[in-house]
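Read off the chains here:
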Amino acid sequence: MKKIVLVIDHKERDLRGIVLVAYWLNHKHGIVPYITNTKNEISCLIKHRPHLIMVQHVRHPHQREFIHYAKKQKTSIALCLAEGFPLAEDQFLFSAGRDEFLPYVDLFLPWGRIYNKYVSNNPIVKGIPSVPVGSPRFDYHTSRYRALCLSKEAFCRKCGIPSDRPTLMWMTNSIYANPPEGYDKFIAKMKNPSTSDSRIAHVIEPLSRDHQRVFDTISDTLEKIVQDFPGMNVLIKIHPSEPRDAYERKYKGHPTIKVLPIQDIALTDYLINTDILFNWRCTTAAEAWLVDSQKPVINIEPIGAETDFLSYLNIGNDVVRDYESLHQRVHHYLNGGRVPETLVAQRQEFVKDYLTADDGHSAERCADALVGHIAQTKRPLWAIQNTKTWLKHLRSYRFNKRWLAAPKGPDHPKYIGHELIHQEMEHLSRLFGRKAEYKLEM
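The rules behind each value
- Residues numbered from 1 in each chain as written.
- Predicted model: local features only at pLDDT ≥ 70, side-chain atom pairs only at ≥ 80, totals over all residues.
- Heavy atoms only, no water.
- Helix = DSSP H or I, 4+ residues; strand = E, 2+ residues; numbered from the N terminus.
- Rg over C-alpha atoms; globule rule 2.2 N^0.38 Å.
- Buried < 20%, exposed > 50% of the residue type's maximum accessible area, 1.4 Å probe, protein only.
- Contact = heavy atoms within 4.5 Å.
- Areas by Shrake-Rupley, 256 points an atom, 1.4 Å probe, with all protein chains shown as cover.
- 1 Å grid on protein atoms, 1.4 Å probe; cavity = no way out; pocket = protein on both sides within 12 Å on 5 of 7 lines; lining within 4 Å.
- Points joined across faces, edges and corners; volume = space filled by probe spheres on them.
- Nonpolar A, V, L, I, M, F, W, Y, C, P; charged D, E, K, R; others polar.
- Core = buried A, V, L, I, M, F, W, Y, C linked by side-chain atoms within 4.5 Å.
- Pairing = 2+ DSSP bridges.
- Right-handed = clockwise from strand over helix to strand, strands pointing away.
- Salt bridge = Lys/Arg side-chain N within 4 Å of Asp/Glu carboxyl O.
- Phe/Tyr/Trp six-rings, centres within 6.5 Å; stacked < 30°, edge-to-face > 60°.
- Lys NZ or Arg CZ within 6 Å of the ring centre and 35° of its normal.

### Focus: the overall build of the protein chain
- Across its full length, the protein chain carries 16 helices and twelve strands.
- The globule rule puts the C-alpha radius of gyration for 442 residues at 22 Å, and the 22 Å found for the protein chain is close to it.
- Counting only C-alpha atoms, the protein chain reaches 70 × 50 × 45 Å along its principal axes.
- When the 442 residues of the protein chain are sorted by exposure, 55% land in the buried category.
- Here the analysis covers contacts within the protein chain between residues at least 6 apart in sequence; of these, 73% occur between residues at least 24 apart.
- Accessible area of the protein chain: about 19400 Å², with a carbon and sulfur share of 52%.

### Describing empty space enclosed by the protein
- Counted by the stated rule, this structure contains two cavities of 30 Å³ or more.
- Put simply, the largest cavity is a space of about 110 Å³.
- What lines the largest cavity is a set of 14 residues, and nearest its centre among them are Ile18, Gln56, Cys80, Ala82 and Pro136.
- In terms of residues, the lining of the largest cavity owes the most to one element, helix α1 (residues 11-29), which gives five residues.
- Class assignment of the residues belonging to the lining of the largest cavity gives a composition of eight nonpolar, three polar and three charged.
- Its volume calculated, the second largest cavity comes out at about 40 Å³.

### What about the nonpolar core?
- Core analysis: the biggest nonpolar cluster contains 70 residues, and Phe85 and Phe108 have the highest contact counts within it.
- Considering each element in turn, this core owes the most residues, six residues, to helix α11 (residues 283-291).
- Other than its neighbours up to four places away in sequence, phenylalanine 108 contacts Leu79, Phe92, Leu93, Ala96, Leu102, Val119, Val125, Ile128, Pro129, Ser130 and Val131.
- One finds Ile35, Cys366, Ile421 and Ala436 within the second-largest nonpolar core, a separate group that totals 38 residues.

### Here we look at helix α2 (residues 41-48)
- Burial analysis of α2 places seven of its eight residues in the buried class, the great majority of the element.
- Three or more residues of α2 are buried, namely Glu41, Ile42, Ser43, Cys44, Leu45, Ile46 and His48.
- Lining the buried residues of α2 we find β1 (4-8), β2 (34-37), β3 (52-55), α3 (64-72), α15 (387-398) and β12 (439-441).
- After α2 finishes, the residue arginine 49 shows a positive phi value of roughly 45°.

### Side note on the pairing of strand β9 (residues 276-279)
- Where burial is concerned, the two faces of β9 agree: the one with Ile276 and Phe278 and the one with Leu277 and Asn279 are both buried.
- In terms of strand pairing, strand β6 (residues 167-171) meets β9 through three bridges, oriented parallel. Pairing of tryptophan 170 across the sheet is with phenylalanine 278, part of β9.
- Note that β9 and strand β10 (residues 297-300) share three bridges and pair parallel. Residue phenylalanine 278 lies in a different strand from β10, and its bridge partner there is isoleucine 298.
- In terms of handedness, the path from β9 via α11 over to β10 forms a crossover that is right-handed.

### Quick word on the pattern of salt bridges
- Taken as a whole, this structure holds 24 salt bridges when the rule is applied.
- The partner of aspartate 14 in a salt bridge is arginine 13, and the shortest N-O contact between them spans 2.6 Å.
- Of the residues examined, aspartate 14 reaches a relative accessible area of 3% and is grouped as buried.
- Salt bridges sharing common partners tie together Lys28, Arg144, Glu364 and Asp368.

### Observations concerning the packing of aromatic side chains
- Here the structure, examined in full by the defined rule, presents 18 aromatic pairs.
- Judged by centre distance (5.8 Å) and plane angle (85°), the rings of phenylalanine 155 and tyrosine 270 are edge-to-face. Highlighted residues: phenylalanine 155 in helix α6 (residues 152-159) and tyrosine 270 in helix α10 (residues 267-272), separated in sequence by 115 residues. Across the pair, tyrosine 270 and phenylalanine 155 agree in class, each one buried.
- By way of ring pairs, the aromatic residues Phe85, Phe92, Phe108, Trp111, Tyr115, Phe138, Trp289, Tyr312, Phe350 and Tyr354 are connected into one cluster.
- In this arrangement the basic side chain of lysine 224 is found over the ring face of tyrosine 323, its NZ or CZ atom lying 5.4 Å from the centre.

Laid out in structure tokens, this is it:
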């Protein structure tokens, strides 16, 4: 039996997509996948000697150990980027990982076909297969999975807002703004060689200033919007990597603007039940287009921006730079105005180029590519070169009943409760009328 390990790196970002790939591996191909989380890669390689392990990136120094271990026992490494939109169009490989690790990857699974030319033309990864599959986690945004979504009434009830009013939502993306430790200490931390962001150390400072500009501009803008359009629900969905304090302090006790708590609402539910979306160079723009090509998405570009990272994500948005333009666009949409056809056409082209398709089959394409890759591989063997690593981990794993890394408690940022995965699998079983078999290693 072929064995595949799927690694969940970030709970909020990756869990649903990985579960969906696991479902189709079993449902369509009969493979019983192992689902694990970060830091358990080595234990899975030791315990199961899988034919393939799929990760979201190879950007961190600590990944060196499992990469080398996998290659010595001939376990293939597949890379399906969860953060599929790179900072710039030609930096797909930079987003995927470090130059010294990328040659060890056996299969790239980018979201869209436009990235293939960067893989095929880069000597670091020359000859490594690359199969555009789309984004598995974005499948939930498509009509195929619409039955899993909350109704407008249920959504508004969970958010504590009236259901008979239009909803405007700011989905934030200013992860370098408002650092709780202070600007100087934050910059020093980001430049530390142990961090993934250290690879963009030369732009961390201007990027941080841009993020602060965005926060200052949009947070002030919202207060004007609610004064001019008092009949709206105005919500703020904070990016999971951002500190919440700055938002909660600014809007504490505000009668109209609601900072949403961390809660069990899927991103798709937010996108479906939002009438107007605010963001700044954020993947949620393209995600909204998958929900509805006519979804109003307004990008606010602050004056004085120093960087153009991710600016290509604006291609299908209304882009405004001043409050007068913003007011006009909000008024247009609240009064039944439609997204201009030119923007709709640009959105459709973007989806083809960067997301492969909007058909809800990305997870299946991913599963197909994984199975196709390992179809001709032999069972990975015990490698004498791995003895040192095996012995290093024997002490901690041998006396751990589950043979895993130190358990993560509910307060740990990488903690993933088993019930979350079981719940997602149950939803899929009800939707497609068939249960899936899988194993958890976490």
